[in-house]
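Chains, contacts and geometry: an overview
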Amino acid sequence: MATQGLNFALNNPSTFFAPNKPPRHSKFRIVTVKCSAPLSSEGAATGLAERPWNVANARLVLEDGSIWRAKSFGASGTQVGEVVFNTSLTGFSEYEIILGVREAVVGRISYELTGYQEILTDPSYAGQFVLMTNPHIGNTGVNFDDEESRQCFLAGLVIRSLSIGTSNWRCAETLGNYLAERNIMGIYDVDTRAITRRLRQDGSLIGVLSTEESKSDQELLEMSRSWDIVGIDLISDVSCKEPFEWVESTKPDWDFNNHERNSKTYRVIAYDFGIKHNILRRLASYGCQIIVVPSTWPASETLKLKPDGVLFSNGPGDPSAVPYAVAIVKELLGKVPVFGICMGHQLLGQALGGKTFKMKFGHHGGNHPVHNIQNGRVEISAQNHNYAVDPATLPKGVEVTHINLNDGTCAGLAYPALNVMSLQYHPEASPGPHDSDCVFRDFVELMKSVKYRA
Ligand SMILES: NC(=O)CC[C@H](N)C(=O)O
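Described below are features of the structure shown in this document. What you are looking at is a predicted structure, and each value in this text was computed from that prediction instead of being measured.

**What about the overall build of the protein chain?**
Across its full length, the protein chain carries 12 helices and 24 strands. Burial statistics for the protein chain: of 454 residues in total, 57% are counted as buried. For the protein chain, restricting intrachain contacts to residue pairs at least 6 apart in sequence, the fraction spanning at least 24 positions comes to 77%. Of the roughly 19,100 Å² that the protein chain leaves accessible, carbon and sulfur atoms contribute 51%.

Structure representation (structure tokens):
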């Protein structure tokens, strides 16, 4: 609906957008409309603008033997990865449309966004193709602020329709240019609904994306069948190599919980298994002093820094393929309050004696309902994981604190005796939802209670 409204406005010569102040807590304000392809005046009048593409020049070959012809954007080449679908469709802001010389407000647009830039820069997607179920991607371009890490680690992007126009007050460049500069492949004009239904039915599939005509379908199929993401340590490729201090908090205009700031500061060591920057910003906003350390940083060195708490971050790949990280987590248990997010939660589950398993097609999206058993509330959450902790394998004393309401899987754990808390999903989600943000306050409260207990 929103994009239809925008297309109407784009194609109506008498419409222009007001350079509004961004609504509070919104990152979006329309001031310019950049088109990646010129709209002919005829096209503009009829709504039938000429598209900048003609032919399929890429193939996605899935391990089940299906071949999907598509059009390429971003980088060219051949890339293998696991295909996952992301259902993010959240976040919108309203804009006034001002028409003609009298500047009468004639309506409002709900401007839709999916957080695709945050998804592209989430290191947990390393080794995976992200297929967006939202059919229209690229309309807000990319900007300098929404990066979740230092680079794009994912294998590639698969979308239904690439926006021909880019319009956002923060836009620095188009999605296509951004991906090409980072050597990330993308395809569009592919039936993402059909692929999603296949993945839901048959489970995650390995795929090969290629723009190389010289490679036969059979060659690409064999490539997809001889690669696997299970059992591989993907953390060490994305983690930082040296410790560093993190100070940036959420910008005041966008902070939705700033009344909860703490006057006291707590020292947190954050293990970087592929950490998203917004986890660090939220911790900083809640008054934490943070040192980020590499995935292999010894537990003994962490304890020497005398932290009030330790955070185990999100990260890519199979949690059972990184026993060295589980050993570090285990060594810290009971010595300092700990909080695990996603991969961090899965490592904690294993360190407590539990096991993880691979889900059929995982959870990827910004619209997962979670039952918070501790307070009885249902939180809408952002999730991105293919594995889960099996609660039946956990020892007595470990509590399941959150349940994913779509499939009943474990979405959070606590072990009060050892000051352990963890979530399988993303309380820091940017652009949202923000229902679970208060878990950072819970972590601060945990650190506080331990620090001032003595
Ligand atoms: N976001 C994450 O930390 C993902 C954890 C793990 N790689 C999984 O897919 O389950």
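Picking up after the structure, the text goes on.
**Overview of the environment of glutamate 82**
Here glutamate 82 is to be found in strand S5 (residues 78-86). Glutamate 82 sits in the buried class, given a relative accessible area of 2%. Spatially, the C-alpha atom of glutamate 82 lies 9.7 Å from that of glutamate 63, the residues being 19 residues apart in sequence. Those residues in contact with glutamate 82 that lie beyond four places of it in its chain are Gly127, Gln128, Phe129, Ser204, Leu205, Ile206, Trp227, Ile229, Lys358 and Asn386.

**A short note on unusual backbone geometry**
Looking along the chain, the bond that leaves serine 430 and enters proline 431 is cis, with omega of 15°. Note the cis peptide between glycine 432 and proline 433, where omega equals 0°. Within the chain, lysine 306 stands out as a residue other than glycine whose phi angle is a positive 50°. Taking relative accessible area as the criterion, lysine 306 reaches 66% and is therefore assigned exposed. For asparagine 419, which is not a glycine, the phi torsion comes out positive at approximately 55°. Topologically, asparagine 419 is positioned in the loop between strand S23 (410-415) and strand S24 (420-423). Residue asparagine 419 is classed as buried on the basis of its relative accessible area, which comes to 13%.

**Quick look at the pairing of strand S4 (residues 67-74)**
Looking down a regular strand, the side chains alternate between one sheet face and the other. Two strands pair when backbone bridges link them, and strand S3 (residues 58-62) and S4 are joined in this way by 4 bridges, in the antiparallel orientation. When the sheet's bridge partners are listed, leucine 60 is paired in S4 with tryptophan 68. Between S3 and the antiparallel strand that follows it, S4, lie 4 residues; glycine 65 among them carries a positive phi value of about 95°. Note that S4 and strand S13 (residues 185-188) share 4 bridges and pair antiparallel. Residue pairing in the sheet places serine 72 in a bridge with isoleucine 187 of S13.

**Section: helix H11 (residues 343-351)**
Burial of H11 is extensive: 9 of the 9 residues sit out of reach of the surface. Immediately downstream of H11, the backbone of glycine 353 shows phi near 110°, a positive value.

**Here we look at helix H6 (residues 217-225)**
Working note: α-helix, 3.6 residues per turn, so residues spaced by three or four point in the same direction. Every buried residue of H6 is accounted for by Leu220, Leu221 and Ser224. Seen along its axis, H6 keeps its buried residues to an arc of 100°; they face one direction. On its buried face, H6 is in contact with S3, S5 and strand S14 (205-210).

Conventions we followed
- Residues numbered from 1 in each chain as written.
- Predicted model: local features only at pLDDT ≥ 70, side-chain atom pairs only at ≥ 80, totals over all residues.
- Heavy atoms only, no water.
- Helix = DSSP H or I, 4+ residues; strand = E, 2+ residues; numbered from the N terminus.
- Buried < 20%, exposed > 50% of the residue type's maximum accessible area, 1.4 Å probe, protein only.
- Contact = heavy atoms within 4.5 Å.
- Areas by Shrake-Rupley, 256 points an atom, 1.4 Å probe, with all protein chains shown as cover.
- Pairing = 2+ DSSP bridges.
- Arc of directions from axis to C-beta.

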